[in-house]
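Reading the structure
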Amino acid sequence: MNRKRVAWRYGIWVFLMMLGTFSVAQTTTSITSKTTAQPLILQDGDRVVFLGNSLLENDVLHGYLELALTTRFPDRNVTFRNIGWSGDNVFGDARSYFTNPPTPYELLMKQITEAKPTVVFVAYGGVEAQEGEAGVSRFTDGLNKLLDKIEELSAKAVLLSPIPVLSSIDAAPRNANLQRYATVIASTAAARDARYVDIFNPMQEAKSKGAITDNDIHLNEAGYYHLAMALEKGLGWPARNEVVAIDYAQRSTSSPNAKIRSAKQKTDTLKFTLDEKYLPLPIPKESTVELAQALRIAGLKKGYYTLTAEGTLVAVASASQWAKGVNITQGPSFTQANQLRDLIRKKNEIFFHQYRPHNRTYIVGFRSYEQGRHAEGLKELGLIVTWLEGQISLHRMPTPQTYELTPLK
């Protein structure tokens, strides 16, 4: 076998696949621009439902998507239900049980209805894309039927593209199919006047910022952190990385949320209060920090300065570094955000066990005559979910923090 000829042919084939992928991406972008004119605004009393495959189900372990949406509207009572299901498609095939009826599709419809949504984030296409061009028509029909159900419930749909395969081996043909299905989703959203968010390209770019998957397909903690950021941008929300600038010499600040309380030249100390609009997203471990809040303090004398809040160390940097800007990645706000994230993850875990009990066939299925007594326990889990939602409402509002900058001695 002539290896050079095979390599040459393979190179041309990869180039054509990449060219096709680029073309699809351009089409998707032009469609997207028509459906995202205004930022998504969540209203008081909204019920947001995450519906899709493992992309959404796995965030039960991380909580970043719900945390992002919760902290953006801390003054509103918005609740969430994650009914994502690994391996699922628009027909609910992965939701199969021995109990029949309901069929997997009937169970999908039932679960959407019982979630009582007002806003539904729909993330399908990743599984269906494995069928390639041959499956496009069936997927389109199934997606429209699913969206008909969401409209029937008087809920708004937000359609997400699939994310790319992030491996370096055999990724081009698979990603070409994923982009093809992303175009179908974008076109469907435009035709139905629904919102579409491209997360394929942002997650492709996030790959350069460190490991964001466990197996080139399923996102890890850092992956969901970047996905939450991509989702916020796609929904039309401003970036979280606000820069707060303080001029120590002039006793002035650029941000209406920052107020100087005292600036003593004799001791080179500065005390100020920062009233943040919303809590930050906790920075994942071993992640490239670029989206945290930045604090810039000009006019300091040469030396190193320590920033604390409520006696807790926040950052240490030189006067020149403070003048350029220092990323704030810890402190009371991050502590509160982590507590909120823990509450969200616990709530979602308990809800998962309520709507997907391990012994469903024995508890509510055709063998419920054996363990049906445990059905009452599922209702009690619902009470715990409601209680945790109350705790979430108590922790989602940021509180003003007083910071103090002092020379490091």
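This text goes with the structure placed above it.
These notes cover the structure that comes with them. (Residues numbered from 1 in each chain as written. Predicted model: local features only at pLDDT ≥ 70, side-chain atom pairs only at ≥ 80, totals over all residues. Heavy atoms only, no water.)

1. Examining the sheet that holds strand β3 (residues 119-123)
Pairing between the strands of a sheet comes from backbone hydrogen bonds, and it takes one of two forms, parallel or antiparallel. Our working definition: Two strands pair under a simple rule: DSSP has to find at least two bridges between them. Elements are defined by DSSP. Helices are runs of H or I of four residues or more, strands are runs of E of two residues or more, and each kind is numbered from the N terminus. Note on geometry: axes are C-alpha line fits, over the in-contact stretch for helices, and angles between N-to-C directions span 0 to 180 degrees. The contact definition used throughout considers only heavy atoms, calling two residues in contact when any of these lie within 4.5 Å.
In space, the five strands of this open sheet follow the order β2-β1-β3-β4-β5, with parallel pairing throughout. Of all strands in the sheet, those bounded by a partner on one side alone are β2 (79-82) and β5 (195-197). Looking at each pair of strands side by side, their axes are set apart by 20° on average, direction ignored. Judged from the three bridges that link them, strand β4 (residues 156-160) and β5 form a sheet pairing that is parallel. By the bridge assignment, Leu159 is partnered in β5 with Tyr196. Packing of helix α3 (residues 64-72) onto the sheet brings it into contact with β1 (47-52), β2 and β3, and relative to β1 it is tilted by some 155°.

2. So, the environment of Leu408
Looking at the element boundaries, Leu408 is found in the segment after β14 (401-407). Leu408 sits 102 residues away from Thr306 along the chain, and the two C-alpha atoms are 5.8 Å apart. The residues contacting Leu408, other than those within four sequence positions of it, are Tyr304, Tyr305, Thr306 and Val316.

3. Examining helix α4 (residues 104-115)
Defined as follows: Helices are assigned an expected span. That span is 1.5 Å times one less than the residue count. Partly exposed residues are those whose accessible area sits between 20% and 50% of the maximum for their type, while under 20% is buried and over 50% is exposed, using a 1.4 Å probe and protein chains only.
Helix length check: α4 (twelve residues) gives 17 Å between terminal C-alpha atoms against 16 Å at 1.5 Å per residue, within 8%. Of all the positions in α4, only Tyr105, Leu107, Leu108, Met109, Gln111, Ile112 and Ala115 are classed as buried. The first or second residue beyond α4 is Lys116, which carries a positive phi of 55°.

4. Some remarks on the sheet that holds β14
Sheet architecture is open: five strands sit in the order β8-β9-β14-β11-β12, paired in antiparallel fashion. Looking at the sheet topology across the chains shown, the edges are occupied by β8 (258-264) and β12 (312-318). Put simply, the sheet's adjacent strands are angled 20° from each other on average, direction ignored. By the bridge criterion, six bridges tie β8 to strand β9 (residues 269-274) in an arrangement that is antiparallel. Following the sheet pairing, Ile260 is matched in β9 by Phe272.

5. Side note on the packing of aromatic side chains
Our working rule: Any pair of Phe, Tyr and Trp rings, taking the six-membered ring for Trp, is counted once the centres come within 6.5 Å. Such a pair is stacked with planes under 30 degrees apart, edge-to-face with planes over 60 apart, and tilted for the rest.
As enumerated under the stated definition, the model contains nine aromatic pairs in all. Each ring, one from Phe351 and one from Tyr355, has its centre 5.0 Å from the other, and the planes form 10°; the classification is stacked. Within this pair, Phe351 and its partner Tyr355 are both found in helix α10 (residues 332-355), separated by four residues, close to a single helical turn. No difference in accessibility class separates Phe351 from Tyr355, as the two residues are buried.

6. Some details on the pairing of strand β6 (residues 243-247)
Bridge count between β6 and strand β7 (residues 252-253): two bridges; the pairing is antiparallel. Note that in β7 the partner of Asp247 across the bridge is Ser252. Counted between consecutive antiparallel strands, the loop separating β6 from β7 contains four residues, among which Arg251 sits at a positive phi close to 55°.

7. What about the packing of α3 against α10?
Applied cut-off: Note that the term roughly parallel is reserved for angles under 35 degrees, roughly antiparallel for angles over 145, roughly perpendicular for angles of 65 to 115, and oblique for everything else. Crossings are assigned a handedness: left-handed for a near helix turned anticlockwise from the far helix by less than a right angle, right-handed for a clockwise turn. We call Asp, Glu, Lys and Arg charged. Ala, Val, Leu, Ile, Met, Phe, Trp, Tyr, Cys and Pro are nonpolar, and the rest, Gly among them, are polar.
Packing of α3 against α10 brings their axes to within 9 Å, and their N-to-C directions diverge by 120°. On the basis of the axis angle, α3 is oblique to α10. Crossing hand, α3 versus α10: right-handed. Contacts between α3 and α10 involve Tyr64, Glu66, Leu67, Thr70 and Thr71 on the former and, on the latter, Ala337, Leu340, Arg341, Ile344, Lys347 and Asn348. A per-class count over the contact of α3 with α10 returns five nonpolar, three polar and three charged.

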